[in-house]
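Spelled out from the first residue to the last, the chains are:
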Amino acid sequence: DGGITQSPKYLFRKEGQNVTLSCEQNLNHDAMYWYRQDPGQGLRLIYYSQIVNDFQKGDIAEGYSVSREKKESFPLTVTSAQKNPTAFYLCASGTSGVADTQYFGPGTRLTVL
Amino acid sequence: GESVGLHLPTLSVQEGDNSIINCAYSNSASDYFIWYKQESGKGPQFIIDIRSNMDKRQGQRVTVLLNKTVKHLSLQIAATQPGDSAVYFCAEFSSGTYKYIFGTGTRLKVLA
């Protein structure tokens, strides 16, 4: 898991509620990423940020929002607009460059009740 | 535990044998590749990487082979141990799109 932490490890939410997942890194990485992992599928990119105060939508950004106010932190909010939010969420960070090796956090399992 | 690997192909190997896990990647323009190991309920762990100007790279007990002609990547694990049991997946990166594409993974089961 390196220097990337995610909290909480397990999260339960009622339908209609927003919830925020935390991701912190102390690796001095410029780039941070949020992925969603579902059974039998490859990781899908939700949002990414290559620099503080800037972020870009990934392939499945609808129903999610992020902020990047500090280099170390990239929280993800799962809003009530996300139709199927139950999944395993993974945060990653890396050094921006031509080829950006990504290192992952331990993940947060979100379950909507 | 995490059900991420529920419907994945499985490779079963005897402890001490060598394992070979394969990956077909999709973008001929991809220029960087990574193999990850993911244990149940945990985040993916970086194992080894290779750039497109190389055919082979060796690490400790692991070797990655890249065949660009057929867009194929393989991970070889020597003397497989019980601790190697996990889901392994590849990732390809293209400098043009600046995005990773992740494979679905293969579950490795080490038999005692």
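Residues numbered from 1 in each chain as written. Chains lettered and ligands numbered in written order. Predicted model: local features only at pLDDT ≥ 70, side-chain atom pairs only at ≥ 80, totals over all residues. Heavy atoms only, no water.

A. Representation of the interface of chain B and chain A in the model. Contact with chain B, which involves 24 residues of that partner, is made by 27 residues of chain A. In total, about 2,100 Å² of surface goes out of reach between chain B and chain A, with carbon and sulfur atoms giving 55% of it. Here chain B is connected to chain A by 1 salt bridge. With a closest N to O distance of 3.3 Å, K99 of chain B and D59 of chain A form a salt bridge. If you look at where chain B meets chain A, you find 6 residue pairs in polar contact (both at pLDDT 80 or more). Residue assignment for the side of chain B that touches chain A shows that the elements contributing at least two residues are β3 (32–38), β4 (45–51), β8 (86–94) and β9 (99–102) of chain B. The element that contributes the greatest number of residues to the side of chain B that touches chain A is β3 of chain B, accounting for 4 residues. Per-class residue counts for the side of chain B that touches chain A are 12 nonpolar, 7 polar and 5 charged. (Contact = heavy atoms within 4.5 Å. Buried area = accessible area lost by both parts, 1.4 Å probe. Salt bridge = Lys/Arg side-chain N within 4 Å of Asp/Glu carboxyl O. Polar contact = N/O pair within 3.5 Å; in protein donor to acceptor, adjacent residues only side chain to side chain. Helix = DSSP H or I, 4+ residues; strand = E, 2+ residues; numbered from the N terminus. Nonpolar A, V, L, I, M, F, W, Y, C, P; charged D, E, K, R; others polar.)

B. Summary view of the pairing of strand β11 (residues 108–112) of chain A. All names here are of chain A. Burial of the side chains of β11 is restricted to one face: T108, L110 and V112 are buried, whereas none of R109 and T111 on the reverse face is. Both strand β9 (residues 87–94) and β11 contribute to a ladder of 3 bridges, which runs antiparallel. Following the sheet pairing, A87 is matched in β11 by L110. (Buried < 20%, exposed > 50% of the residue type's maximum accessible area, 1.4 Å probe, protein only. Pairing = 2+ DSSP bridges.)

C. Molecular detail of a nonpolar patch on the surface. A contiguous nonpolar surface patch, about 390 Å² in accessible area, is contributed by Y10, F12 and L113 of chain A. Locating Y10 of chain A in the fold gives a position in strand β2 (residues 10–13). (Patch = residues over 30% accessible without salt bridge, like charges linked within 9 Å, V, L, I, M, F, W, Y side chains within 5 Å. Areas by Shrake-Rupley, 256 points an atom, 1.4 Å probe, with all protein chains shown as cover.)

D. Here's a closer look at the packing of aromatic side chains. Going through the model one piece at a time under the given rule, you end up with 15 aromatic pairs over all chains. Geometrically, the ring pair formed by Y33 of chain A and Y48 of chain A is stacked, given 6.2 Å between the ring centres and 15° between the ring planes. Taken together, the residues Y33 of chain A in strand β4 (residues 31–37) and Y48 of chain A in strand β5 (residues 44–51) connect sequence positions 15 residues apart. We classify Y33 of chain A as buried; its relative accessible area is 3%. On the numbers, 6.4 Å between centres and 40° between planes, the contact of Y36 of chain B with F102 of chain B is tilted. (Phe/Tyr/Trp six-rings, centres within 6.5 Å; stacked < 30°, edge-to-face > 60°.)

E. Seen up close, the state of the cysteines. Following the criterion strictly, the structure yields 2 disulfides over all chains and no others. The disulfide bridge from C23 of chain A ends at C91 of chain A, spanning 1.9 Å between sulfur atoms. Here the S-S torsion is close to -75°, and the disulfide linking C23 of chain A with C91 of chain A is therefore left-handed. Here C23 of chain A, found in strand β3 (residues 19–25), pairs with C91 of chain A, found in strand β9; they are 68 residues apart in sequence, far enough to count as distant. Look at C91 of chain A and you get buried, because its relative accessible area is 0%. Each disulfide pairs two cysteine sulfurs, and for C23 of chain B the partner residue is C90 of chain B, the sulfurs being separated by 1.7 Å. Within this pair, whereas C23 of chain B is found in strand β2 (residues 19–24), its partner C90 of chain B is found in strand β8, the two being separated by 67 residues in sequence. (Disulfide = S-S within 2.5 Å.)

F. Local environment of the pattern of salt bridges. Tallying each qualifying case throughout the model produces 8 salt bridges over all chains. Between D38 of chain A and R36 of chain A there is a salt bridge; the shortest N-O distance is 2.8 Å. With a shortest N-O distance of 4.0 Å, E39 of chain B and K37 of chain B are connected by a salt bridge. Overall, E39 of chain B belongs to the partly exposed group, its relative accessible area being 31%. Overall, K37 of chain B belongs to the buried group, its relative accessible area being 13%. Ionic contacts of the salt-bridge type, sharing partners, join the residues R36, D38 and R44 of chain A into one network.

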